[in-house]
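# Survey of secondary and tertiary structure
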Amino acid sequence: MRFYGFQKMTLLDFPGKVACTLFTGGCNMRCPFCHNALLVTELEQGNDTWDEAEVLTFLRRRKGLLDGVCVTGGEPTLQPELAPFLRRVKELGYAVKLDTNGTRPEVLRALVGEGLVDYVAMDVKNSPARYALTAGIPAAELSGVFTSMDFLLSGTVDYEFRTTAVAEFHNDASFRGIAQWIAGARRYYIQCFTDRDSVLQAGLHAPEKAQLEHWADIVRPLVPDVELRGV
């Protein structure tokens, strides 16, 4: 398995853990605000890579110093080698956090069922009515997102939902729809969009902090644990 980014220590990506973060390549969504665009569209251009052997050697050397491994992307569940890699990570004694867009619920269920994932962070791009536009894919491809969301809401594995808020894509109706959709969720984060040279679509803007706080207040009656990130 090959990785296209490797953050060797983070205190932020895995709640309650000192972890490293691995970035897989490729994604089946085309969110205009994606800040990892090179991992989505141009894997062979200007990306440093790390193979599985290098990563596992690093993890063996960091036993006792790191608690967990975060796997993000791109979309990790597209990788056919993901489960074998996570088995090796778990054999080393690490907790695993998986970031996913939820489009492959069968993979998510299998990984959780085998005990390979301890925490899932699933993106909720927008309300159902605006989801396809925000994710850059046809609405017909969203059934997996609904299935993954229901699976996480069942409480089989610890999880969070999160939305990257972009001024051009989100409004009050977006967060009313999201709140109804994820009602009863354990925790939900609204992340502020950050403009970078690597985003897929230029000209997007971050909402003001007051706007983000207003949207958090819209969600809280149905999801009490709501926090802001990136502000």
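I will try to describe carefully the structure that is included in this document. Quick caveat: nothing in here was measured; it's all calculated off a predicted structure. (Residues numbered from 1 in each chain as written. Predicted model: local features only at pLDDT ≥ 70, side-chain atom pairs only at ≥ 80, totals over all residues. Heavy atoms only, no water.)

Take the environment of Ala19 next. Within the element layout of this structure, Ala19 appears in strand β3 (residues 19–23). Residue Ala19 is classed as buried on the basis of its relative accessible area of 0%. Contact partners of Ala19, with chain neighbours within four places excluded, come to Lys8, Met9, Thr10, Phe14, Leu66, Gly68, Val69 and Cys70. (Helix = DSSP H or I, 4+ residues; strand = E, 2+ residues; numbered from the N terminus. Buried < 20%, exposed > 50% of the residue type's maximum accessible area, 1.4 Å probe, protein only. Contact = heavy atoms within 4.5 Å.)

Among the secondary structure elements, Glu75 is positioned in the loop between β5 (68–72) and α3 (82–91). Among buried charged residues, Glu75 stands out as having no salt bridge; its nearest opposite-charge side chain is Arg104, 7.3 Å away. A distance of 2.7 Å separates a polar atom in the side chain of Glu75 from the backbone nitrogen of Asn101. With residues near it in sequence (within four places) discarded, Glu75 still touches Thr24, Gly26, Cys27, Asn28, Asp99, Thr100 and Asn101. (Lys, Arg positive; Asp, Glu negative; His and termini not counted. Salt bridge = Lys/Arg side-chain N within 4 Å of Asp/Glu carboxyl O. Polar contact = N/O pair within 3.5 Å; in protein donor to acceptor, adjacent residues only side chain to side chain.)

Looking now at the packing of aromatic side chains. This model, assessed by the stated rule, comprises 9 aromatic pairs. Taking the centre distance of 6.1 Å and the plane angle of 35 degrees together, the rings of Phe14 and Tyr119 count as tilted. Highlighted residues: Phe14 in the loop between β2 (5–10) and β3 and Tyr119 in strand β7 (residues 119–123), separated in sequence by 105 residues. We classify Phe14 as buried; its relative accessible area is 3%. Given a relative accessible area of 5%, Tyr119 falls into the buried group. Ring centres of Phe146 and Trp181 lie 4.9 Å apart, and the angle between their planes is 50 degrees; this geometry places the pair in the tilted category. Taken together, the residues Phe146 in helix α6 (residues 143–153) and Trp181 in helix α7 (residues 172–181) connect sequence positions 35 residues apart. An aromatic cluster is present here, built from Phe6, Trp50 and Phe58 joined pairwise through their rings. The ring of Tyr189 carries the charged tip of Arg229 above its face, separated from the ring centre by 3.5 Å. (Phe/Tyr/Trp six-rings, centres within 6.5 Å; stacked < 30°, edge-to-face > 60°. Lys NZ or Arg CZ within 6 Å of the ring centre and 35° of its normal.)

Quick look at the sheet that holds strand β8 (residues 158–165) now. Taking strand neighbours across the sheet as the criterion, the 8 strands line up as β2-β3-β5-β6-β7-β8-β9-β10 in an open arrangement whose pairing is mixed. The sheet is open, and its two borders are formed by β2 and β10 (226–229), each paired with just one other strand. Taken over all neighbouring pairs, the strand axes of this sheet differ in orientation by 20 degrees on average, direction set aside. Sheet topology places strand β9 (residues 188–192) next to β10; 4 bridges connect them, and they run parallel. (Pairing = 2+ DSSP bridges. Axes fitted to C-alpha atoms, helices over the stretch in contact; angles between N-to-C directions.)

Another aspect to go through is the packing of helix α2 (residues 52–61) against α3. At a closest axis distance of 10 Å, the pairing of α2 and α3 adopts a crossing angle of 15 degrees. Here α2 is positioned roughly parallel relative to α3, judged by the angle of their axes. Regarding α2 and α3, the two cross each other, and that crossing is right-handed. Of the residues in α3, those in contact with Glu52, Val55, Leu56 and Leu59 of α2 are Phe85, Arg88 and Val89. (Parallel < 35°, antiparallel > 145°, perpendicular 65-115°, else oblique. Left-handed = near helix turned anticlockwise from the far one by under 90°.)

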